[in-house]
Amino acid sequence: MSNKAGFLNLSIANILSDEQSMLTQARIRLLFYGLWVVFACVGAVFLSVLYSHEGALVAMSGGILVTVVMLFKYLTWKGDWKLVAHILLVMGTLLNLADAFIIFQKIDIISIQLVLLIIIFSFYMLGQNWGLLYSLANLSPVLMFMVYTYNNIYIINIRPVHLDQFTLILCVLANFVVMVFIHNHFYNAFLKNILELKRTSEEQTRLNETLEVAIDKAEKSSHAKSEFLSTMSHEIRTPLNAVIGMSNLLMMGNPRKDQEENLEILKFSANNLLAIVNDVLDFNKIESGKVVFENIRLDLPELLNNICGGQIIKANEKGLVFKLKIDDVLRNKTLIGDPTRITQIIFNLVSNAIKFTRQGFVEVKASCQEQREDQVTVRFSVRDSGIGIEQDNLKAIFEPFTQESITTTRKYGGTGLGLAIVKRLLELKGIQMQVTSKPGQGSEFWFDMVLPLINEVAQEPVVAKVKAVSAEEQEMSDLHILVAEDNMVNTMLMKKFFSKWHVRSTFAENGERAVEMMSYGNFDIVLMDLQMPVLNGFDAAMEIRKMADHQKAAVPIIALTASALTDIREKVFSAGMNDYVAKPFKPDELKEKILKLVHHRSARRHQPVE
Ligand code: ADP
């Protein structure tokens, strides 16, 4: 700014800039023009005293004149208005003191005007703190002096110089003009400041409105995206359900060796496709904040055994050693947690470990880090001796759709979503995923999870389990199930499963038909597809719940849905249904849910009436 201007350039433009606030600009202008006025006044005094040969006054006014010129040059050269203001105030204060104690030795209207000027000037120029300081510095000696003169005690005995009436009037006038100028000048600056603030706030309101519209638009589009994804998933899952189910059935029917291989490939690809669809859906669900952790009982060793069960076979097929280590302290303990999410996390990590390891081992470990009376901190870790990951890529692999390198997709397949899902799931619980890895040597993924503890020991004898299985089959064969399903392929698939379980089943092609059949038939349980023509599953369930026959109205209903909408659970329950199974359904899961509900109902029926 000013530094660029030449030494002889005295323009105010050198020291003003648009970045300065209105107030700062006003201060600089006041100093600039104020110094000009002081220069003109003191110059006139200097000339008059020079003419009248008053030696001391010539020296004094000459000194002040030189100082004013220097300050003016300094201001226009460096732009340091604060320093100039301080120098002027110090000079004013000294003048005030000299006036009171040395030169005139009295407090008259001029002294009071000077003090007033200093007070106003210091507050406007330098703000509250400096204003207070300079005010005190000028007020205290004046007041002290007045107190002393009141008692007629003179401290310094110098003859006062005579001050004529004309000079007095001129001084008062000059002071008033300066005060009016200062007030007017700063009033304008404050007004401009307020207008500027108003303009900024209007601008901000306008921006906020634009932002709100943009947020609204983004929310709508994100909602549309998630709706689109769930509809698509329904469309993709329904045929996948048939493909996987049919290949399962064909495998059960003793196929020829060559057929079996083809079926394996078919099943593998369909399962792969399903996994990708599920990954995209899961990620979508987590991103839109619709995933919550459940808090239900879980038996950690059993859960880990189940997760690793299928994976051990995969590892062995690749010639890898699979180790599962669970701390003894964690056995025989009932913990509270979300088995579905824990399964999802560990399953992803173990799948990756097996996928990216050609030889050596994969180790899954659950160790107790801390045990308290009501909770345990469990460290879950998945270690492998696989290809490892470069240090620089350890962060990036947790980003969605990111793999370590482009060759990864070619060699190993995958979508790059697994770790992004794992990371986000853990973040929902405030847990940080940790990873250590060395290229060529292997990787370890681990995290600590706090799980509340229920203090009880619940163990089922093995014999009882075996017995339960055969009792289960017996129980299934006694059931009569009503299935409401409009899709031919699904109907065929279910019929085949039911015949394997020896279950009696009746099929209704839409919701209305199901309600009708329910009213004249006797069924132990209803499996209800949700999207059906004529009457959908929700409405059909509500019709059944309204039936006059209490037994029929209370029949257990399981919804069958390929929808991935996160609120499907609530919708199903609020329509009066008891549970739901996602399609493509796992036969064991469906069987388990059917038996659970049937048990529950018969237990209630046999409860003694009080
Ligand atoms: P995907 O497995 O579908 O590629 P992930 O998000 O699960 O996607 O993993 C992202 C990337 O992280 C993988 O592509 C791979 O490069 C790297 N990665 C994950 N787990 C391992 C592991 N155990 N060993 C080596 N690299 C791994």
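Chemist: Help me out: how do you make sense of the site of the ligand in this one?
Modeler: Taken together, 21 residues lie near the ligand, and Asn352, Asp384, Gln403, Gly416 and Leu419 sit nearest. With respect to the ligand, the backbone of glycine 416 contributes an N or O atom lying 2.9 Å from an oxygen atom. At 3.4 Å, a side-chain N or O of serine 443 approaches a nitrogen atom of the ligand. Summarising the interface, the protein chains cover 97% of the accessible area of the ligand, which totals 530 Å² for the free molecule. Those elements that place two or more of their residues in the shell around the ligand are helix H8 (339-355), helix H10 (418-428) and strand S7 (442-454).

Chemist: Even after reading the chapter, I still don't get helix H7 (residues 300-317), so can you show me in this structure?
Modeler: Helical periodicity: at 3.6 residues per turn, an α-helix aligns residues three or four positions apart in one direction. Over its 18 residues, H7 runs 26 Å from end to end, which matches the ideal 26 Å to within 8%, given 1.5 Å per residue. Within H7, the axis deviates most sharply at glycine 309, by approximately 35 degrees. Along H7, the residues that are buried comprise Leu300, Pro301, Leu303, Leu304, Ile307, Cys308, Gln311 and Ala315. Residues of H7 that are buried sit in contact with strand S1 (296-298), strand S2 (321-326), strand S3 (334-337), H8, strand S4 (361-371) and strand S5 (375-384). Of the residues flanking the end of H7, it is glycine 319, one or two places downstream, whose phi is positive at about 80 degrees.

Chemist: I would appreciate a short explanation of the nonpolar core in the present structure.
Modeler: If you look at soluble globular proteins, the nonpolar side chains tend to sit buried side by side. Counting residues in each nonpolar core, the largest one holds 50 residues, and the members touching the most others are Leu300, Ile346, Leu349, Phe380, Phe445, Phe447 and Met449. Of all the secondary-structure elements, those providing two or more residues to this core are helix H6 (257-287), H7, S2, H8, S4, S5, H10 and S7. The greatest single-element share of this core, amounting to seven residues, is contributed by H8. Leave out the neighbours within four places in its chain, and isoleucine 346 touches Leu304, Ile307, Val364, Phe380 and Phe447. Counting 30 residues, the second-largest nonpolar core is a separate cluster that includes Leu30, Val84, Leu117 and Ile118.

Chemist: Just checking my understanding: could you explain a negative patch on the surface for this structure?
Modeler: On the surface, Glu260, Glu261, Glu264 and Glu317 cluster together into a patch of negative charge. Of the residues forming the negative patch, the biggest block, three residues, is contributed by H6.

Chemist: Help me understand the sheet that holds strand S8 (residues 480-484) in this model?
Modeler: Paired through their backbone hydrogen bonds, the strands of a sheet run either parallel or antiparallel. Strand order in the open sheet formed by five strands is S9-S8-S10-S11-S12, and the pairing between neighbours is parallel. Two strands in the sheet have a free side with no partner beyond their single neighbour: strand S9 (504-508) and strand S12 (579-582). With strand direction ignored, the average angle separating the axes of adjacent strands in the sheet is 20 degrees. Along the sheet, helix H13 (residues 511-520) makes contact with S8, S9 and strand S10 (525-529), crossing S9 at roughly 135 degrees.

Chemist: What should I look at first to understand the packing of aromatic side chains in this one?
Modeler: Given two aromatic rings, one states the distance between the centres and the angle between the planes to describe the pair. According to the stated counting rule, one finds nine aromatic pairs in the structure shown. Judged by centre distance (5.2 Å) and plane angle (65 degrees), the ring pair of tryptophan 36 and phenylalanine 72 falls under edge-to-face. Note that tryptophan 36 is positioned in helix H1 (residues 22-51) and phenylalanine 72 in helix H2 (residues 55-78), a separation of 36 residues in sequence. We classify tryptophan 36 as partly exposed; its relative accessible area is 45%. Classification of phenylalanine 72 by relative accessible area gives buried; the value is 9%. Within the aromatic cluster, the residues linked to one another by ring pairs are Phe32, Tyr33, Trp36, Phe39 and Phe72. For lysine 78, the ring lying beneath its charged end belongs to tryptophan 77, and the centroid distance is 4.6 Å. Just above the ring of phenylalanine 361 sits the side chain of lysine 323; from NZ or CZ to the centre is 4.5 Å.

Definitions and cut-offs
Residues numbered from 1 in each chain as written. Predicted model: local features only at pLDDT ≥ 70, side-chain atom pairs only at ≥ 80, totals over all residues. Heavy atoms only, no water. Near = heavy atom within 4 Å. Polar contact = N/O pair within 3.5 Å; in protein donor to acceptor, adjacent residues only side chain to side chain. Areas by Shrake-Rupley, 256 points an atom, 1.4 Å probe, with all protein chains shown as cover. Helix = DSSP H or I, 4+ residues; strand = E, 2+ residues; numbered from the N terminus. Expected span 1.5 Å × (residues − 1). Bend = angle between axes of the 7 residues up to and from the residue. Buried < 20%, exposed > 50% of the residue type's maximum accessible area, 1.4 Å probe, protein only. Contact = heavy atoms within 4.5 Å. Core = buried A, V, L, I, M, F, W, Y, C linked by side-chain atoms within 4.5 Å. Patch = residues over 30% accessible without salt bridge, like charges linked within 9 Å, V, L, I, M, F, W, Y side chains within 5 Å. Salt bridge = Lys/Arg side-chain N within 4 Å of Asp/Glu carboxyl O. Lys, Arg positive; Asp, Glu negative; His and termini not counted. Charge placed at Lys NZ, Arg CZ, Asp CG, Glu CD. Pairing = 2+ DSSP bridges. Axes fitted to C-alpha atoms, helices over the stretch in contact; angles between N-to-C directions. Phe/Tyr/Trp six-rings, centres within 6.5 Å; stacked < 30°, edge-to-face > 60°. Lys NZ or Arg CZ within 6 Å of the ring centre and 35° of its normal.

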